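Spelled out, the chains give:
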Amino acid sequence: MKTTLIILKSMTEAGKARHHLEKFKTNAIVEKVTLKGGGCGYGVRVKEDAGKVCRQLGLVGIECIEIK
């Protein structure tokens, strides 16, 4: 199954996202990524539908920045 990377604001947000997604029975892996501007960012890699995951994260106040 294809995985999707969801970019979040920070490493802290990615950790919180992973924790909250566990409550929804969604497996998520925190991953460090290189951003377009050359900086680094963090996100979660999931096998679930990215739209569904972002809606679940929105319920707990975590904003999805980008979906790759």
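The model shown is predicted, which means the values in this text are computed figures rather than measured ones.

> Kindly report on the state of the cysteines, identifying the contributing residues and their values.
Applying the stated criterion across every chain, the model contains one disulfide. Cysteine Cys40 is unpaired, with the sulfur of Cys64 as its nearest cysteine sulfur at 19 Å.

> Account for helix H2 (residues 50-59), with residues named and values stated.
What H2 keeps buried is the set Ala50, Val53, Cys54, Gln56 and Leu57. The buried residues of H2 occupy an angular sector of 160° when projected down its axis, which confines them to one face. In H2, the exposed residues that point more than 90 degrees away from the buried face are Arg55 and Leu59. Buried residues belonging to H2 abut strand E1 (4-8), helix H1 (11-23), strand E3 (40-46) and strand E4 (66-67). Positive phi appears at Gly61, one or two residues downstream of H2, with a value of about 85°.

> Pulling in residues and values, what's your account of the nonpolar core?
In this structure, Ile6, Leu8, Leu21, Val44, Val46 and Leu57 are the most contacted members of the largest nonpolar core, which totals 15 residues. By residue number, the principal contributor to this core is H2, which donates four residues. When sequence neighbours within four positions are dropped, the list of residues in contact with Leu21 reads Thr26, Ala28, Val44, Val46, Val53, Gln56 and Leu57.

> Requested: an account of the sheet that holds E1, with residues and values cited.
Read from one edge of the open sheet, four strands run E2-E3-E1-E4, paired in antiparallel fashion. Pairing within the sheet leaves two strands with one partner each, and these edge strands are strand E2 (28-34) and E4. As paired elements, E1 and E3 share five bridges and run antiparallel to each other. By the bridge assignment, Ile7 is partnered in E3 with Gly43. Across the sheet, H1 is in contact with E1, E2 and E3; its angle to E3 comes to roughly 10°. Sheet strands touched by H2: E1, E3 and E4. Its angle to E1, the strand with the most contacts, is close to 30°.

> So what about unusual backbone geometry? Which residues, and what values?
The backbone phi angle of Lys25 is positive, close to 60°, even though this residue is not glycine. Assignment of secondary structure puts Lys25 in the loop between H1 and E2. Classification of Lys25 by relative accessible area gives exposed; the value is 74%.

What counts and how
Residues numbered from 1 in each chain as written. Predicted model: local features only at pLDDT ≥ 70, side-chain atom pairs only at ≥ 80, totals over all residues. Heavy atoms only, no water. Disulfide = S-S within 2.5 Å. Buried < 20%, exposed > 50% of the residue type's maximum accessible area, 1.4 Å probe, protein only. Helix = DSSP H or I, 4+ residues; strand = E, 2+ residues; numbered from the N terminus. Arc of directions from axis to C-beta. Contact = heavy atoms within 4.5 Å. Core = buried A, V, L, I, M, F, W, Y, C linked by side-chain atoms within 4.5 Å. Pairing = 2+ DSSP bridges. Axes fitted to C-alpha atoms, helices over the stretch in contact; angles between N-to-C directions.

Note that all results are geometric; they support no functional claim without further evidence.
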